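# Fold and contact review
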Amino acid sequence: MSPLPASFTDIRRAGPPTTQNGCDWDVPLTAEPPREWIIAFHNDPGGSSSVAISERVMFQRGRLIFSSRPEDVEHWIRYIDKWIARSNESYWRWFR
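Fair warning: this is a prediction, and the values are worked out from it, not measured in the lab.

### Some details on the nonpolar core
Across soluble globular proteins, nonpolar side chains have a tendency to be buried as a group. Judged by nonpolar contacts, the single largest core of 21 residues is most densely connected at Trp37, Val57, Phe59, Leu64, Phe66, Ile80 and Trp83. In terms of residues, this core owes the most to one element, helix α2 (residues 73-95), which gives eight residues. With near-sequence residues (within four places) excluded, Phe66 lies in contact with Cys23, Asp24, Trp25, Val27, Arg56, Val57, Val73, Trp76, Ile77 and Ile80.

### Things to note about the sheet that holds strand β3 (residues 58-60)
Pairing in this open sheet of four strands is antiparallel, and the strands run β1-β2-β4-β3 from one edge to the other. Unpaired on one side and paired on the other, β1 (18-19) and β3 mark the two borders of the sheet. Note: β1 against strand β2 (residues 24-28), two bridges, orientation antiparallel. Bridging across to β2, Thr19 finds its partner in Trp25.

### Some details on the packing of aromatic side chains
In total, this model carries nine aromatic pairs according to the counting rule given. Here the aromatic rings of Phe8 and Trp92 are separated by 5.3 Å at their centres, their planes lie at 75 degrees, and the arrangement is edge-to-face. One end of the pair, Phe8, is in the segment before β1; the other, Trp92, is in helix α2, with 84 residues separating them in the sequence. Grouped by ring-pair contacts, the aromatic residues Trp37, Phe41, Phe59, Phe66, Trp76, Tyr79 and Trp83 constitute a single cluster.

Cut-offs applied
Residues numbered from 1 in each chain as written. Predicted model: local features only at pLDDT ≥ 70, side-chain atom pairs only at ≥ 80, totals over all residues. Heavy atoms only, no water. Core = buried A, V, L, I, M, F, W, Y, C linked by side-chain atoms within 4.5 Å. Buried < 20%, exposed > 50% of the residue type's maximum accessible area, 1.4 Å probe, protein only. Helix = DSSP H or I, 4+ residues; strand = E, 2+ residues; numbered from the N terminus. Contact = heavy atoms within 4.5 Å. Pairing = 2+ DSSP bridges. Phe/Tyr/Trp six-rings, centres within 6.5 Å; stacked < 30°, edge-to-face > 60°.

In structure tokens, the structure reads:
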């Protein structure tokens, strides 16, 4: 477990998903999430669907990346927003 940071501000999506190839989608975040936050994101018991699965999301330099068909992106974003909110809640419980 990492040492407690001096402060934490909720992570949020900072913009819409974009793609260069119609398959890999990039979503900017308001900050780079801490390690424990990412663990909470990937282990969200609030689940997944047959299309959107939290373990398939990667994090790089203040953004998240997932692969999807264009017609499923809206579905992914709904789940990603839920996972982000739950990860913020989980991280706050750990932080306090």
